[in-house]
Amino acid sequence: MNPFIILSAAQMRAAEAAAIAGGTASAALMETAGEKTVSVIVQTFSRRPVAVICGPGNNGGDGFVIARELAQAGWPVKVALLGDRAALTGDAKLMADLFEGEAPAFSPAVLEGAGLIVDAIFGTGLSRPVEDAAKAAIEAMNAHPAPVVAVDIPSGVDADTGAVLGTAIQAVRTVTFHARKPGHVLFPGRALSGAIDIADIAIDEEATQKAGVGAFENHPALWGGMYPRPQWGGHKYHRGAAMILSGGALTTGAARLAAQGALRIGAGLVTMLSPSEAAPVHAAHLTAIMLRIADTADQVRTHLVDAERIRMVCVAGPATGMGALTKEKILAILNSKAGAVLDADALTSFADNPTDLFAALRPGDVLTPHEGEFARLFPEETKLSGKLAMARAASEKAGCVIVLKGADTVIAAPDGRALINTNAPPDLATAGSGDVLAGFIAGLKVQGSDGFAAAGQGVWIHGACGQVVGAGLIAEDLPQAVPTVLRQLFAPPQQPERQASGGEGGAQQ
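Residues numbered from 1 in each chain as written. Predicted model: local features only at pLDDT ≥ 70, side-chain atom pairs only at ≥ 80, totals over all residues. Heavy atoms only, no water.

Caption draft 1: Inspection of unusual backbone geometry at higher detail. A cis geometry characterises the amide bond from Phe187 onward to Pro188, with omega recorded as 5 degrees. Locating Pro188 in the fold gives a position in the loop between helix 6 (182–185) and helix 7 (189–193). Located in the positive-phi region is Ala202, a residue other than glycine, with phi close to 70 degrees. Topologically, Ala202 is positioned in the loop between strand 7 (195–199) and helix 8 (205–211). Positive phi outside glycine occurs at Ala319, with the angle close to 50 degrees. (Helix = DSSP H or I, 4+ residues; strand = E, 2+ residues; numbered from the N terminus.)

Caption draft 2: Representation of the packing of aromatic side chains in the model. Under the criterion given, the structure shown has six aromatic pairs. A centroid spacing of 5.9 Å and a plane angle of 70 degrees characterise the contact between Trp223 and Trp460, whose relative ring orientation is edge-to-face. On the criterion of sequence distance, the pair formed by Trp223 in helix 9 (residues 220–223) and Trp460 in helix 19 (residues 451–469) is long-range, its members being 237 residues apart. Of the two residues examined, Trp223 and Trp460, each falls in the buried class. An aromatic cluster is defined as three or more aromatic residues linked by ring pairs; in this entry it consists of Trp223, Tyr227, Trp460 and Phe490. (Phe/Tyr/Trp six-rings, centres within 6.5 Å; stacked < 30°, edge-to-face > 60°. Buried < 20%, exposed > 50% of the residue type's maximum accessible area, 1.4 Å probe, protein only.)

Caption draft 3: Geometry of the side chain of Thr37. Residue position: Thr37 is located in helix 2 (residues 26–44). Setting aside residues up to four positions removed in sequence, Thr37 forms contacts with Ile66, Val151, Val175 and Phe177. (Contact = heavy atoms within 4.5 Å.)

Caption draft 4: How the structure looks around the sheet that holds strand 14 (residues 366–367). Spatially, the 11 strands line up as an open sheet ordered 1-8-17-16-15-14-13-12-9-10-11, and their pairing is mixed. Only two strands of the sheet have a single partner each, and these edge strands are strand 1 (5–6) and strand 11 (290–293). Across three bridges, strand 15 (residues 401–404) lies against strand 16 (residues 410–412) in antiparallel orientation. Of the residues in strand 16, the one forming a bridge with Leu404 is Val410. Helix-sheet contacts for helix 13 (residues 324–334) involve strand 9 (241–245), strand 12 (312–316) and strand 13 (339–342), and the interaxial angle to strand 13 is about 145 degrees. The sheet strands contacting helix 17 (residues 387–398) are strand 8 (215–217), strand 14, strand 15, strand 16 and strand 17 (418–420), and the helix crosses strand 15 at an angle near 150 degrees. (Pairing = 2+ DSSP bridges. Axes fitted to C-alpha atoms, helices over the stretch in contact; angles between N-to-C directions.)

The following block contains the structure:
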């Protein structure tokens, strides 16, 4: 069981179906799911009265298993059912029959005296807004002071998008089965899920592969072994050249933030390509970052000729300015051998005719829009259901890597691979933060990471830097935090100090 896999609701059903076809009884999967949830409950909470609220489907069947197991363990249990017990079918009916207690229709009275509530109403199968009795039940559960443990996913959360379908449970803990779903890691579902436990219900790797892997949580376990690290025989040209396209004299800060990000993350050389009017401003600030004049697209093209012999990536967009000149410079970059990381003004400049941009992009190039910029370039894709689907469709259309930024940044590649980032603190919501991120991604690309890997690495390190700095963060702090993050990420474990031999005991063996 890979803890970083994220499966859609349909993929999870396919994995379960493959396991059942392979000889595992569906009732055994439900029994195991209930038992694993009980194990989490008894390890997390002291013994107390529990109200288990069951829905009419398989999530409710899980709830009946949980109620039976808790009762057998000596916990006081009350069960309520949304729906008619006589109408239950399949495994849910079997588990309800095995529960020896009563299961009346839900009313708020069942919550009286409860020290813990178990939400087993809908699970991952919900696809329409919660209404009527279910809505009233969820509102009553949320209003009660007892903590709520959700079974699989908080009822009311769309498993594939994280959206709230009318109303949803606010859980302190969620026990999900085999793999997380997108709704666990995309907001607002992520905020409603609380702590998440992934329970192994004995679905093997073969069954998962038959379902198709949906996405992964962005984590160093996936890309740490590919991270570009300096080699003893290398030099600055081996570590690549990042070129940063600057805007005018009054808007130079964003480009410098991107340049600092690229340099600090390890690019061997970083060069600012500046309009003549802005060059004196940059010259007063830059030290290790070089400075070149680039007023026209032809001058930009001239500065990229070395991409024929060394790895080179250009960052364009942070306060570059919008309009025809920016478009010309961007197309000059995309028609060179240099890679590209495009953000902000570079994207908005093509809003009137994004097909010109898409036609020039290469698979390893990276676009880093926030949701507003995304909507300007990909208006049709914004109509899709959920951030993951939007990013994937945009990546396929543009033919490059998309980093759809936010608290739950999604990274998508044209071949369907996708990462969802989970480590970004809210402190990163500050001016210039995205400019540093563009520099991070470019700095990793020039060192040899492909576009998708560089995006995943850069986004995660960006989040980790935000955690290191914490409250009071400003964008300038992020590059300075990189050494701390990389030291924590890659430093070898400390060996215990060896004690000197001696004394009456002699040498220690």
